[in-house]
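# Structural description and commentary
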Amino acid sequence: MGLRRLSPSTTLRAGSEHLARIALALVTLAVPLAVAVAWWGANRSPSAVTIHGRVSEAGGWLPGTLRAVVGSPLQLRLVSDDVVHGFAIGRSDAAPIDLPPGQVVETTLTFDQPGTYTFYCTRWCGPDHWRMRGVIEVSGSQPAAPEVVEPLYESLGIDIDAPHPASAVPQVRPSPERGEALGFEPPEGFRSRPDFIARPPAETWQSLRLDPSTRGLSESQVWDLVAYQWRSATTDAALQEGQALFAQNCAACHGESGGGDGVIALRTPEGVAEAVPAAGATHLAGEQPPSPADFTDPSTMLGASSALLQGKILRGGMGTGMPYWGPILTEAQLWALTDYLWTFQFGETS
Amino acid sequence: MTRFHRLLPYVALATLAVAGVSLVGLPSEEARSEGVARSVRVEASTFAFTPATIEVDPGDRVTIELASADVVHGLHIEGYDVNLTADPGQPTSATFTADRPGTYRIRCSVPCGPLHPFMSGRLRVGPPSTFWRAIALAFIAVAVGGTALWRKPTRPGARLGPS
Amino acid sequence: MAETHTPRSPFGSIMTRVDLTRLPFVRSMLVARGPQLAVQLAAVAGLLLVIAAGLLGTPVGSRNPATVLVWIAWWAALMIVAVPFFGRLWCGVCPLPLPGEWLQRGALLRPRGRGRGLGLPWPRRLRGLWVQNAAFVIVALFSLPVLTQPRLTALLLAGLVLVAIAISLVFERRSFCRYLCPVGGFIGLYAQAAPLEVRVRDPRVCADHTTKTCYTGSADGYGCPWLVFPATLTSNVSCGVCLECLRTCPLDNVAIRLRPMGADLRRSTPIRIDEAFKSLVLIGSALVYAFVLLGPSSALRAAAAAVGSQSWLAYAAGFLLVTVVLVPGLFLVATRLGPSVGSSHLSAKEGLQRFAPALVPLGLAAWAAFSLGFVLTNASYILPALSDPIGLGWDLLGTTSMPWAPVGGPLVSWALSAIVLVGLAWSSRQVRAVAEDLAGGVRMALPVWGFSFLVTAGLLWVFVA
């Protein structure tokens, strides 16, 4: 009852053992070696910079500061480490890049002007989504044009932190269509766009009511005139852009219908599920920040001018959760956004 | 053992098999009348759908609005071709006709964190008939296993022998 | 029926075992160490890839090979194919104990006389399955973060390898596999249902053989690393299909056979209480896992994932209560509800020991159905993960951007139900057989059927309701 042996001689057995050990060494070394080579190759690439995107609470953009040279293409390899993020350069018209989790997306940026550019996340990724920003320092031979533009609210002397109660509120929601139908010629100082953005609607209403040319019009009709002033000071394209900007950037906190009840704002630090780190530490003394502004409340909105609103959006709120959008939105975008905010007060409700 | 006793397990098995097959094949409650139009707002958070169970009647025209509460979430209903993705502040919606009865899993289709594979809910179209049929089949399974499939050992004393 | 004679031809009567090792080609492939080593090296390569990917790759669980290959691909293959149809065959190629074993033996192939390690026997008091039961429960309690985060999966596997190496260098043979491995307890229990077995052909031949090389080892091979004596092997629970006994037996008395599924479930002697308890703990775990992971309560899932928090402690307490107290307690009651008829020959302990094996098909079906549902939903993650293993943006297979494509719907619901129902039918048959063996008949079987029905109803509710 012999057992069939496959390796009858001792030398052959020893040879098989050595062969087996070589195979094991190859297998054991092959994987780590391949990984090490790939790792080294990826990290040593002179031009491509790998940026990991994480929610702000977990570190945000890593690295958060980059350097580039004017005219020299900057190759970026972007990868999200947790949820869907997006990448865009502030105040630029390049299309944002979506980052599905775990997938590397490559892009190349070339800068014409030196300066400090902000890149930011474009897909909401938690309560501190707006903090997910980084900076690219672009150096060049020509000196950076000092882009210090005095914001309008400063030149008008508006204190954007002061409360702005409206001196009057309408009984009925003002309608620009009804205002237009009145066929009314606005008095001097109420015709142009600069007139519109500098003055709060409530003040406009008071002034219009006192003007002799509006004698005979009811209070709500004068409100309609105010609404019509807004509507004629802006364009359809601007309102559409403002709507898109609001949906992408503001609705999460301020609510889709502008009521200050957005989904992000409703999540108090205690209410946040344990899987998402609490946002608590981001506000003064760990206090629960005030709710986002309610754009549908006439008693506050109508006391604010567009310039004030633009200032708040530009600079952000001190001690509230309101982000500062200066590095992100262009002038045109900021004004389009403020134009859009008046749709929560005037015209048909959406 | 009479012929009757010998045949009994086979007869029982056949009867149970017929019962089982008819249970599976029984047509479920189809849409008898024109369904109503329903609207459901589903809030997706990490890692849950609220409400977790949506109940509609067969034939209903259902509009699902997906509202994300913290990060980008997706909503996929298996069995119906419904795929939504929503960012916080930007709800999206889809409308479909719930013409196929049954229970369908709702899953998150956009990776949203560690527990993403377990983020799920249910769409129940009509009563959960599959479940009750399966329960009935469970009775049958016990009956089949415990009687029809079990054989008396033919040799006495062989019961407690090694297998 | 006592199997004292096996026909020479592999294909005897259809009710006896089919001896695969009577086929010369099969036998030579199994005796030769090369093929087995090749598979083992592939498994080691897979383990290294998984650990490297888990530590270096993306933290996103659905895209990292560590989580995808281990908890979707390997786990599904294990629960749906390997264990039900091949028993403990995975243990023969599992990479976790191999580094330790190779160090311990000082060789990859045939024995070479050298080796390392102290070779101490495993402490007597730690033998049995209690340690493995505890290891399984502990791993299960911490499982949700491990399941979903690649780094933790990699650390768990690396940790197990290091522990296995340490154990191999201190204790004899495969003490890690036999007494510690949490997966092993699981696989061993359900391997009893499989149609594959390693047994001796004729125990009388073994009785006459004095040297017992199957246990002591020889120049051709090692003594059973699983510390099993092949001649008395009557179930698949502890045999790790390592094929050493096939190589060492000088009398060609070891066979690998096909047999009717579940043949191990009818034993002449009652199984040990630790094995019985394991069977109950595992069925309770299947219920809890299904309810937590697939059920309607996301708060429960969040609690299970938030290891270390207060909510997790509550979840852990609930888990332990159900698996260690409620399910075994309910089962105990069911076994006691049969006719006592004055003949209290069946003690509480013996009731558990006699009836617990009958739950094996149902438990296996529960885990297989659970795994099938999970793999059908998530199998589409496998190719993208392999295409970009360490998250550097590669596209090795061209599938890195492949979208998620779950397989679901009513057909899947019926498939899961069918698996559970088959398990229930089979378990019911086993329960009846045990009840008849104990002369209790249908009346004794009924309460245990009731228990099985309740477990099934719970599973069905989670899967299809």
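Residues numbered from 1 in each chain as written. Chains lettered and ligands numbered in written order. Predicted model: local features only at pLDDT ≥ 70, side-chain atom pairs only at ≥ 80, totals over all residues.

## A few points about the overall build of chain B
- For chain B, the helix and strand inventory stands at two helices and nine strands.
- Along chain B, from the amino end to the carboxyl end, the secondary structure elements read α-β-β-β-β-β-β-β-β-β-α.
- By residue count, 45% of the 163 residues in chain B fall in the buried class.
- Contacts in chain B between residues at least 24 apart in sequence constitute 70% of all its contacts with a sequence separation of at least 6. (Helix = DSSP H or I, 4+ residues; strand = E, 2+ residues; numbered from the N terminus. Buried ≥ 20, exposed ≤ 12 C-beta atoms within 10 Å, placed from the backbone. Contact = placed C-beta atoms within 7 Å.)

## Digging into the overall build of chain C
- Assigned secondary structure in chain C consists of 21 helices and three strands.
- Taken along the three principal axes of its C-alpha coordinates, chain C extends 60 × 60 × 40 Å.
- Classification of the 465 residues of chain C by burial places 52% in the buried group.
- Counted over contacts in chain C with a minimum sequence separation of 6, partners at least 24 positions apart contribute 78%.

## Here we look at the environment of A:Arg77
- Topologically, A:Arg77 is positioned in strand β4 (residues 74-80).
- As a C-alpha pair, A:Arg77 and A:Val105 span 28 residues in sequence and 5.7 Å in three-dimensional space.
- Once residues lying within four places of it in the same chain are set aside, the contact partners of A:Arg77 are A:Ala48, A:Thr50, A:Val104, A:Glu106 and C:Gly393.

## Some points on the domain arrangement of chain B
- Domain parsing of chain B yields domain 1 (3-28 + 132-148) and domain 2 (37-126).
- Computed over C-alpha atoms only, the centres of domain 1 of chain B and domain 2 of chain B are separated by 37 Å. (Domains from an automatic or database assignment.)

## Considering the interface of chain B and chain C
- Taken together, the 38 residues of chain B in the interface contact 49 residues of chain C.
- Taken together, the elements giving at least two residues each to the side of chain B that touches chain C come down to β8 (102-107) and α2 (129-148) of chain B.
- The element best represented in the side of chain B that touches chain C is α2(B), accounting for 11 residues.
- Of the residues belonging to the side of chain B that touches chain C, the class tally is 23 nonpolar, 11 polar and four charged. (Nonpolar A, V, L, I, M, F, W, Y, C, P; charged D, E, K, R; others polar.)

## Topic: helix α5 (residues 201-210) of chain A
Residue and element names in this part refer to chain A.
- Every buried residue of α5 is listed here: Pro201, Ala202, Thr204, Trp205 and Leu208. The buried side chains of α5 occupy one side of the element, clustering within an arc of 155° when seen end-on.
- Those residues of α5 that are buried lie in contact with α6 (219-233). (Arc of directions from axis to C-beta.)

## Side note on the sheet that holds β8(B)
Residues and elements named next belong to chain B.
- Overall, mixed pairing links the five strands, which are arranged β3-β9-β8-β5-β6 in an open sheet. Every interior strand has two partners, whereas the edge strands, β3 (53-56) and β6 (82-86), have only one. The average undirected angle you get between the axes of adjacent strands in this sheet is 15°.
- Inspection of the sheet shows β8 paired to strand β9 (residues 120-125) by six bridges, in the antiparallel sense. Pairing of Gly102 across the sheet is with Val125, part of β9. (Pairing = 2+ DSSP bridges. Axes fitted to C-alpha atoms, helices over the stretch in contact; angles between N-to-C directions.)

## Remarks on the packing of α2(B) against helix α20 (residues 410-437) of chain C
- Between α2(B) and α20(C), the least distance of the axes is 7 Å, while the angle of their chain directions is 25°. When the interaxial angle is binned, α2(B) and α20(C) end up roughly parallel. Considering how the two elements wind past one another, α2(B) and α20(C) form a crossing that is right-handed. Every residue of α20(C) that contacts α2(B) at B:Thr130, B:Ala134, B:Leu137, B:Ala138, B:Ala141, B:Val142, B:Val144, B:Gly145 and B:Gly146 is listed here: C:Pro410, C:Ser413, C:Ser417, C:Leu421, C:Leu424, C:Ala425, C:Trp426, C:Ser427, C:Ser428, C:Arg429, C:Val431 and C:Arg432.
- The residue inventory of the contact of α2(B) with α20(C), partitioned by class, reads 12 nonpolar, seven polar and two charged. (Parallel < 35°, antiparallel > 145°, perpendicular 65-115°, else oblique. Left-handed = near helix turned anticlockwise from the far one by under 90°.)

## A few points about the sheet that holds strand β1 (residues 18-19) of chain C
All names here are of chain C.
- Strand order in the open sheet made by the three strands is β1-β3-β2, with antiparallel pairing throughout. The open sheet has two edge strands, β1 and β2 (196-200), and neither has a second partner.
- Pairing of β2 with strand β3 (residues 254-258) involves five bridges; the strand directions are antiparallel. Within β3, the residue paired with Val200 across the bridge is Val254.

## Some thoughts on the interface of chain A and chain B
- At the interface, 20 residues of chain A touch 20 residues of chain B.
- At the level of secondary structure, the elements contributing two or more residues to the side of chain A that touches chain B comprise α7 (236-254) and α8 (263-266) of chain A.
- No other element matches α7(A), which puts four residues into the side of chain A that touches chain B.
- The residue makeup of the side of chain A that touches chain B, split by class, is 13 nonpolar, three polar and four charged.

## Some points on the confidence of the model for chain C
All names here are of chain C.
- Summarising the model, chain C shows a mean pLDDT of 90, and 95% of its residues fall at 70 or more.
- Across residues 1-15, where pLDDT falls below 50, the model places 17 contacts with residues more than four positions away in sequence or in other chains.
- Confidence metrics for the complex model read pTM 0.89 and ipTM 0.87. (pLDDT = per-residue confidence, 0-100.)

## As for the pairing of β9(B)
- In this sheet, β9(B) lies alongside β3(B) in parallel orientation, the contact comprising four bridges. Across the sheet, residue B:Val56 finds its bridge partner in β9(B), namely B:Val125.

## Considering helix α16 (residues 310-336) of chain C
Residues and elements named next belong to chain C.
- For α16, built from 27 residues, the straight-helix expectation of 39 Å at 1.5 Å per residue is met to within 8% by its first-to-last C-alpha distance of 37 Å.
- The largest bend in α16 amounts to roughly 40° and is located at Val322.
- Among the residues of α16, those classed as buried are Trp312, Tyr315, Phe319, Thr323, Val327, Pro328, Phe331, Ala334 and Thr335. (Expected span 1.5 Å × (residues − 1). Bend = angle between axes of the 7 residues up to and from the residue.)

## Let's talk about the confidence of the model for chain B
- Across chain B, pLDDT averages 84, with 86% of residues at or above 70.
- This stretch, residues 155-163 of chain B, has a pLDDT under 50; its non-local contacts, to residues over four places away or in other chains, come to 17 contacts.

## Observations concerning the domain arrangement of chain C
Residue and element names in this part refer to chain C.
- The assigned domain composition of chain C is domain 1 (16-265) and domain 2 (282-464).
- Using only C-alpha atoms to locate each centre, domain 1 and domain 2 end up separated by 24 Å.
- The interface is formed by 32 residues belonging to domain 1 together with 31 residues belonging to domain 2.
- Contributions of two or more residues to the side of domain 1 that touches domain 2 are made by α2 (33-56), α3 (65-86), α6 (130-141), α7 (143-148) and α10 (182-190).
- Ranked by residue count, the leading element in the side of domain 1 that touches domain 2 is α3, at 10 residues.
- Of the residues in the side of domain 1 that touches domain 2, the class split is 25 nonpolar, six polar and one charged.

## Focus: unusual backbone geometry
- The residue after A:Leu62, namely A:Pro63, is reached through a cis peptide bond having omega 5°.
- B:Thr46 connects to B:Phe47 through a cis peptide bond whose omega is 0°.
- Along the chain, B:Phe47 falls in the loop between β1 (37-45) and β2 (48-50).

## So, the environment of B:Val36
- Residue position: B:Val36 is located in the loop between α1 (3-25) and β1.
- Taking the C-alpha atoms as reference, B:Val36 lies 26 Å from B:Gly74; in sequence the two are 38 residues apart.

## Focus: the packing of α20(C) against helix α21 (residues 441-464) of chain C
Residue and element names in this part refer to chain C.
- Two elements in contact, α20 and α21, have axes separated by 9 Å at closest approach and are oriented at 165°. Taken as axis vectors, α20 and α21 run roughly antiparallel relative to one another. α21 is crossed by α20, and the crossing has right-handed handedness. For the pair α20 and α21, contact is made by Ser413, Leu416, Ser417, Val420, Leu424, Ser427, Ser428, Val431, Arg432, Ala435 and Glu436 and by Gly441, Met444, Ala445, Val448, Trp449, Ser452, Thr456, Leu459, Leu460, Phe463 and Val464, respectively.
- Of the residues that constitute the contact of α20 with α21, the class distribution is 13 nonpolar, seven polar and two charged.

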